[in-house]
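# Structure at a glance
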Amino acid sequence: MGLEEKLPEGILLTTVAKMLNLARKNSVWPAQFGLACCAIEMMAVGSPRFDIARFGMERFSATPRQADLMIVAGRVSQKMAPVLRQIYDQMPEPKWVLAMGVCASSGGMFNNYAIVQGVDHVVPVDMYLPGCPPRPEMLLDAILKLHDKIRTAPISGKPEWTTIEAAPYTKPIVRDTRISKGLPVDVPLEFSAPLPGDVAAPAEPAPSVGGGRGGGRL
């Protein structure tokens, strides 16, 4: 009745990659990275109704050092892109990224200068999940598909087309506009007038007429 009755002499042969990936897919720890309304649906999968703990994923890590799945739930602004990339770089290998919702996947309805048009411009994405916002059942379905992708991956845990070397970007979006425009960053900025809130420098005293003792007397 058990598995041992279907195996010859009770011996099971497999590869190290299959055993590693089987352990990886059953111990995926997501990172807390909710950005917009999709994060509410991501929180719902931890409730008893959907119970993401069935897959050993109930621990949403507050530190990237102990997480291997980044669920980008919501739109990514230009200012948040460097933060997202920094958190991704701090996660240990192998790591995976799930773009949750149409805003994270392609920018969605926010087709403007302030929103990154797809998080794959910042980090390599392993699974895209459409919807605005996608329901918790859709997120669970995307996670199961990601589990299957992890199970069939090479021993490194990442297929070649989702590694950092094959990503469609060369560097993260720079937050400092002087760097992005090629201006020197070690030169202080000079303004013609003091900025609001700045304290004006005290005026230098005028030099006295004459010198030495009794200077200034006629």
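Just above sits the structure.
Quantities reported herein were computed from a predicted structural model and do not represent experimental measurements. (Residues numbered from 1 in each chain as written. Predicted model: local features only at pLDDT ≥ 70, side-chain atom pairs only at ≥ 80, totals over all residues. Heavy atoms only, no water.)

### So, the overall build of the protein
- Regarding its fold elements, the protein presents 6 helices and 4 strands.
- Listing the helices and strands of the protein from first to last along the sequence gives α-β-α-β-α-β-α-β-α-α.
- By residue count, 34% of the 218 residues in the protein fall in the buried class.
- In the protein, the share of contacts with a sequence separation of at least 24, taken over all contacts with a separation of at least 6, comes to 75%.
- Only carbon and sulfur atoms are counted for the fraction: they give 60% of the accessible area of the protein, which is about 14100 Å². (Helix = DSSP H or I, 4+ residues; strand = E, 2+ residues; numbered from the N terminus. Buried < 20%, exposed > 50% of the residue type's maximum accessible area, 1.4 Å probe, protein only. Contact = heavy atoms within 4.5 Å. Areas by Shrake-Rupley, 256 points an atom, 1.4 Å probe, with all protein chains shown as cover.)

### So, the pairing of strand β3 (residues 96-100)
- Judged by how many residues are buried, β3 sits mostly within the fold: 5 of 5 residues are covered.
- In β3, alternate side chains face the same way, and those of W96, L98 and M100 on one face and V97 and A99 on the other are all buried.
- Bridge analysis of strand β2 (residues 69-73) against β3 gives 5 bridges, and the strand direction is parallel. Bridging across to β3, L69 finds its partner in W96.
- Between the parallel pair β2 and β3, the chain is carried across by helix α3 (residues 81-90), and the sense of this crossover is right-handed. (Pairing = 2+ DSSP bridges. Right-handed = clockwise from strand over helix to strand, strands pointing away.)

### Comments concerning the nonpolar core
- Counting 22 residues, the largest nonpolar core has M42, L69, I71, L98, M100 and L139 as the members making the most contacts within it.
- Those elements giving two or more residues to this core turn out to be α2 (38-44), β2, β3, β4 (127-129) and α5 (136-151).
- Ranked by residue count, the leading element in this core is α5, at 6 residues.
- Ignoring any residue separated from it by four or fewer positions in sequence, one finds L98 in contact with L69, M70, I71, V72, M127, L129, L139, A142 and I143.
- In terms of nonpolar packing, the next biggest core, distinct from the first, is built from 16 residues, V76, Y88, A99 and V123 among them. (Core = buried A, V, L, I, M, F, W, Y, C linked by side-chain atoms within 4.5 Å.)

### Some words on the side chain of D126
- Mapping D126 onto the fold places it in the loop between α4 (102-106) and β4.
- With relative accessibility at 6%, the residue D126 sits in the buried group.
- Here V97 takes part through its backbone nitrogen, which lies 2.9 Å from a polar atom of the side chain of D126. (Polar contact = N/O pair within 3.5 Å; in protein donor to acceptor, adjacent residues only side chain to side chain.)

### Considering the pattern of salt bridges
- This structure, assessed with the given rule, holds 5 salt bridges.
- Across the pair R85 and D89 runs a salt bridge whose closest N-O atoms are separated by 3.0 Å. Residue R85 and its partner D89 are both found in helix α3; the two are separated by 4 residues, about one turn of the helix.
- R85 gets classed as buried once you look at its relative accessible area, which sits at 11%.
- For D148, the salt bridge goes to R151, with nearest N and O atoms at 2.5 Å. (Salt bridge = Lys/Arg side-chain N within 4 Å of Asp/Glu carboxyl O.)

### Section: the pairing of β2
- Counting buried residues in β2 gives 5 out of 5 residues, a clear majority hidden from the surface.
- Burial along β2 is two-sided: L69, I71 and A73 and M70 and V72, pointing in opposite directions, are all buried.
- Pairing of strand β1 (residues 30-31) with β2, which is carried by 2 bridges, proceeds in the parallel orientation. Following the sheet pairing, A31 is matched in β2 by M70.
- Between the parallel elements β1 and β2, the chain passes through α2 in a crossover that is left-handed.

### Some points on unusual backbone geometry
- Looking along the chain, the bond that leaves E93 and enters P94 is cis, with omega of -10 degrees.
- Within the fold, P94 resides in the loop between α3 and β3.
- The step from C132 to P133 runs through a cis peptide bond, and the omega angle for that step is -15 degrees.
- Phi at D51 takes a positive value of approximately 55 degrees, unusual for a residue other than glycine.
- Inspection of the secondary structure assignment puts D51 in the loop between α2 and β2.

### Digging into the sheet that holds β1
- Strand order in the open sheet formed by 4 strands is β1-β2-β3-β4, with parallel pairing between adjacent strands. At either end of the open sheet lies a strand with only one pairing partner, and these are β1 and β4.

By themselves, these figures tell us nothing about what the structure is for.
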